[in-house]
Amino acid sequence: MGIVSEGREKMKRWKILCLTLMLILSGCSLRMTTQEKLDLYGGGNIQIAGDGSVQIEQLASNQVSQVITERTEYSVQELGNLFLNMSPEECDRAVEEYYAQYTSEAEREYAEQIGVAIPLEKGEAALSFANHWMTFYGFPDASCYANTLYSTQRLLQPDVKGIMTPMDFRYRSLDMAFSRQELDGCTKEEAKADCDRIAQAVGFILEESECYTMDAESMNRIQQITGFPSLDTETDEAGNIVGELKPWKTEQGCYLFLYKKGIQGKVIESVASENVLFLIYHPEKKLVFAEWIDGVNEQEVLSEKTVTVISGEEAVAQAQLYFSQQNQSDIVINSARLTYASPMLNYNASTNQITMDPCWDISYQYVENGINVNDHVLIHAVTGSAIMQY
């Protein structure tokens, strides 16, 4: 018994020693600077672009506004008019016809409460809007373009199955998938003028837009990995391919435009694609696809609070630390600019209000599967931590 008691006492003293060491190391970690943490964890092969000086936005002051605003509210009538050229009366009739399928008032009230998607149709075009998520197809098979767009990540991860959505889509890496070339029948500028009109009508800033070309060669490269149909591929009602998979043709190429929202003169960034408007535009068919997850109302600032933010240089160091802790290497950091973001926890559903936090948008590039990829990470400008959700 004496031997057992002595063993327990030794184990107790060992546990106390381990806990003490953990507390000491934890305390040291809390007091360590970002550079000291980098030295401790190891910086990996994380480089600064060019001659060693990353392009960092310089702030006039480290005092910046944290903004509280509302989610935007667009009615079915507004969207029906913009995308389908439907009158308010036509939209109202479509909504009533849709809700007529519910046999009881309780069912209808529940459908309205949870925000079921309300479909609008005119000719071949269709629009669906629910819970701040809008999708437009210019014709039924336009979904082939959307599937191609959202499966571009498969170029990096060919074993991944299924189609991604804007909720988990890394839009910043699209330059690995598509070209920037001009298409026959319509220049980029002509297409952009038409798309600008739509983007501006739903509150997106025209200064922050990007244009890619979904040309046949690019789409066929993606098709070889995904096996998704082109416009000429025959499918059944369930979407299954009938016969052989046919390639995309040159004349089926489109322009892809991306627009972002902004507030207080700063762009609103996201990890995924909230506050990003996707428009796919064909030289002859015009707008064939549009989608966005509705975000903030940039016109209505309810209140703001001054917060102290870290410098761009510190944000870059925090990004380096983040990459090291994630075991990511061979990364080149290119730039840092101050933007806004709204992490998921910042949305108050009961008041329909969103808190917009200042954050540093760190742009970087790396090579995966032999492909040069551009991406970004958001560093919270107050806490210095990486924002993992949009």
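Up top is the structure.
Undergrad: Quick one: what's the story with the overall build of the protein, residue by residue and with numbers?
TA: Broken down by element type, the protein carries 9 helices and 17 strands. The burial tally for the protein puts 47% of its 390 residues in the buried class. For the protein, the accessible surface area stands at approximately 20,100 Å², while carbon and sulfur atoms represent 50% of it.

Undergrad: Which residues make up the pattern of salt bridges, and what values go with them?
TA: What the rule picks out here adds up to 10 salt bridges. The partner of aspartate 232 in a salt bridge is lysine 249, with the nearest N and O atoms 3.4 Å apart. One end of the pair, aspartate 232, is in the loop between helix H8 (216–226) and strand E8 (254–260); the other, lysine 249, is in the loop between H8 and E8, with 17 residues separating them in the sequence. Judged by its relative accessible area of 29%, aspartate 232 falls in the partly exposed class. A salt bridge links arginine 337 to aspartate 361; its shortest N-O distance comes to 3.5 Å. Within this pair, whereas arginine 337 is found in strand E14 (residues 331–341), its partner aspartate 361 is found in strand E16 (residues 353–368), the two being separated by 24 residues in sequence. By relative accessible area, which is 26% here, arginine 337 ends up partly exposed. Through salt bridges with shared partners, a single network forms among Glu208, Lys260, Glu269, Arg337 and Asp361.

Undergrad: Just give me the short version of the sheet that holds strand E5 (residues 125–130), but keep the residues and values in it.
TA: Read across the open sheet, the 7 strands follow the order E4-E5-E6-E12-E11-E8-E7; overall the sheet is antiparallel. Only two strands of the sheet have a single partner each, and these edge strands are strand E4 (118–122) and strand E7 (205–214). Ignoring strand direction, the axes of neighbouring strands in this sheet form an average angle of 15°. When E7 meets E8, the two strands line up antiparallel, connected through 7 bridges. Following the sheet pairing, isoleucine 205 is matched in E8 by lysine 260.

Undergrad: Could you give me a rundown of helix H9 (residues 312–325), with the residues and numbers involved?
TA: Across its 14 residues, H9 extends 20 Å between first and last C-alpha, which sits within 8% of the 20 Å expected from 1.5 Å per residue. Within H9, 11 of the 14 residues are buried, leaving the element largely enclosed by the surrounding structure. Residues of H9 that are buried include every one of Gly312, Ala315, Val316, Ala317, Gln318, Ala319, Gln320, Leu321, Tyr322, Phe323 and Ser324, and no others. The first or second residue beyond H9 is asparagine 327, which carries a positive phi of 60°.

Undergrad: How would you sum up the nonpolar core? Please name residues and give values.
TA: Within the largest apolar cluster, 58 residues are counted, with the highest numbers of intra-cluster contacts made by Tyr145, Leu149, Phe178, Leu256 and Ile362. Top contributing element to this core by residue count: E16, with 6 residues. Not counting chain neighbours up to four residues away, the residues in contact with leucine 256 comprise Leu149, Leu174, Phe178, Glu210, Cys211, Tyr212, Met214, Phe278, Leu279 and Ile280. Of all hydrophobic cores here, the second largest spans 39 residues; its members include Ala125, Ala191, Cys195 and Leu287.

Undergrad: I'd like a rundown of the environment of valine 377, residues and numbers included.
TA: The topology assignment puts valine 377 in strand E17 (residues 371–380). Once the C-alpha coordinates of valine 377 and glutamate 269 are considered, the two residues, 108 residues apart in sequence, prove to be 9.9 Å apart. Sequence-distant contacts of valine 377, defined by excluding residues within four places in its chain, comprise Ala319, Tyr322, Phe323, Trp360, Asp361, Ile362, Tyr364 and Ala386.

Undergrad: Tell me about the packing of aromatic side chains, and name the residues and values.
TA: On inspection of all chains with the given rule, the structure shows 16 aromatic pairs. Taking 6.2 Å as the distance between ring centres and 90° as the angle between the ring planes, the aromatic pair formed by tyrosine 74 and tryptophan 292 counts as edge-to-face. With tyrosine 74 in the loop between strand E3 (63–71) and helix H3 (76–84) and tryptophan 292 in strand E12 (residues 286–293), this pair connects stretches of sequence that are 218 residues apart. Just as tyrosine 74 is buried, tryptophan 292 falls in that class too. Ring geometry for tyrosine 98 against tyrosine 102: centres 6.3 Å apart, planes inclined by 80°, an arrangement best described as edge-to-face. Positioned above the aromatic ring of phenylalanine 204, the side-chain terminus of lysine 261 is 5.3 Å from the ring centre. The ring centre of phenylalanine 139 lies 5.1 Å from the NZ or CZ of lysine 285, which sits over that ring.

How each quantity is defined
- Residues numbered from 1 in each chain as written.
- Predicted model: local features only at pLDDT ≥ 70, side-chain atom pairs only at ≥ 80, totals over all residues.
- Heavy atoms only, no water.
- Helix = DSSP H or I, 4+ residues; strand = E, 2+ residues; numbered from the N terminus.
- Buried < 20%, exposed > 50% of the residue type's maximum accessible area, 1.4 Å probe, protein only.
- Areas by Shrake-Rupley, 256 points an atom, 1.4 Å probe, with all protein chains shown as cover.
- Salt bridge = Lys/Arg side-chain N within 4 Å of Asp/Glu carboxyl O.
- Pairing = 2+ DSSP bridges.
- Axes fitted to C-alpha atoms, helices over the stretch in contact; angles between N-to-C directions.
- Expected span 1.5 Å × (residues − 1).
- Core = buried A, V, L, I, M, F, W, Y, C linked by side-chain atoms within 4.5 Å.
- Contact = heavy atoms within 4.5 Å.
- Phe/Tyr/Trp six-rings, centres within 6.5 Å; stacked < 30°, edge-to-face > 60°.
- Lys NZ or Arg CZ within 6 Å of the ring centre and 35° of its normal.

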